[in-house]
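Below are the chains, spelled out letter by letter.
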Amino acid sequence: LDRVYLPTAWFAEEGTNVTELRAGRSSPAIRRLLDRALDEVDEILVPAGMIGTAIVNTRLAMEAEVICTIARSLSEKLRRNDPLASRVTLSKRQYIGCCIAGVLRAIWHR
């Protein structure tokens, strides 16, 4: 879609520009920028991970827990892999594991 959802100021702070996102792999500057974004995502996921305990409806709580578990797993994978070199996704096994873990977490907190 040719859209960038990272703050343009971050590119300047890292001494790079948006056009580097078209490269086949992340430069050290782009890697720092991506890690910075992931740091912010992980920070948001801490309170988001508690939302399942606040939801009264069990099915909605399970869904919220599953989504947070998937988000944490993807954040970890994005830190370990280069999203410019290849698409970063969860395998079917990892996805199912996230679903089971999220459902169990929601049930545990009931």
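Scroll up to find the structure.
Since this is a predicted model, take the numbers as computed values, not measurements. (Residues numbered from 1 in each chain as written. Predicted model: local features only at pLDDT ≥ 70, side-chain atom pairs only at ≥ 80, totals over all residues. Heavy atoms only, no water.)

**Quick look at the side chain of Lys77**
Its location among the elements puts Lys77 in helix H4 (residues 58–80). The buried charged residue Lys77 lacks any salt bridge, with Glu76 as its nearest oppositely charged partner at 9.7 Å. For Lys77, the side chain forms a polar contact with the side chain of Gln94, separated by 3.2 Å. In this structure Lys77 touches Val88, Thr89, Leu90 and Gln94, once residues within four positions along its chain are discounted. (Helix = DSSP H or I, 4+ residues; strand = E, 2+ residues; numbered from the N terminus. Buried < 20%, exposed > 50% of the residue type's maximum accessible area, 1.4 Å probe, protein only. Lys, Arg positive; Asp, Glu negative; His and termini not counted. Salt bridge = Lys/Arg side-chain N within 4 Å of Asp/Glu carboxyl O. Polar contact = N/O pair within 3.5 Å; in protein donor to acceptor, adjacent residues only side chain to side chain. Contact = heavy atoms within 4.5 Å.)

**Focus on the nonpolar core**
Membership of the largest hydrophobic core is limited to six residues, which are Trp10, Phe11, Ile30, Leu33, Leu34 and Ala37. Aside from chain neighbours lying at most four places away, what touches Trp10 is Leu33, Arg36, Ala37 and Glu40. (Core = buried A, V, L, I, M, F, W, Y, C linked by side-chain atoms within 4.5 Å.)

**Focus on the side chain of Arg31**
Along the chain, Arg31 turns up in helix H2 (residues 28–48). Setting aside residues no more than four positions away along its own chain, Arg31 makes contact with Ser26, Leu38, Leu78, Arg79, Asn81, Asp82 and Pro83.

**Concerning the pattern of salt bridges**
Within this structure, the stated rule accounts for six salt bridges. For Asp2, the salt bridge is made with Arg22, and the minimal N-O distance between the two is 2.7 Å. One end of the pair, Asp2, is in the segment before helix H1 (8–13); the other, Arg22, is in the loop between H1 and H2, with 20 residues separating them in the sequence. Here Asp2 and Arg22 have matching classes, each one exposed. A salt bridge links Arg31 to Asp35, with the nearest nitrogen and oxygen atoms 2.9 Å apart. Of the two residues, Arg31 and Asp35 are both situated in helix H2; the distance of four residues between them amounts to about one turn of the helix. A relative accessible area of 19% places Arg31 in the buried class. Here the salt bridges do not stand alone but share partners, grouping Asp39, Asp42 and Arg79 into one network.

**Things to note about the environment of Leu33**
By the secondary structure assignment, Leu33 is in helix H2. A relative accessible area of 1% means that Leu33 is categorised as buried. Considered as a pair, Leu33 and Cys98 are 65 residues apart in the sequence and their alpha carbons are 27 Å apart. The residues touching Leu33, leaving out its near neighbours within four places in the chain, are Leu6, Trp10, Phe11 and Glu14.

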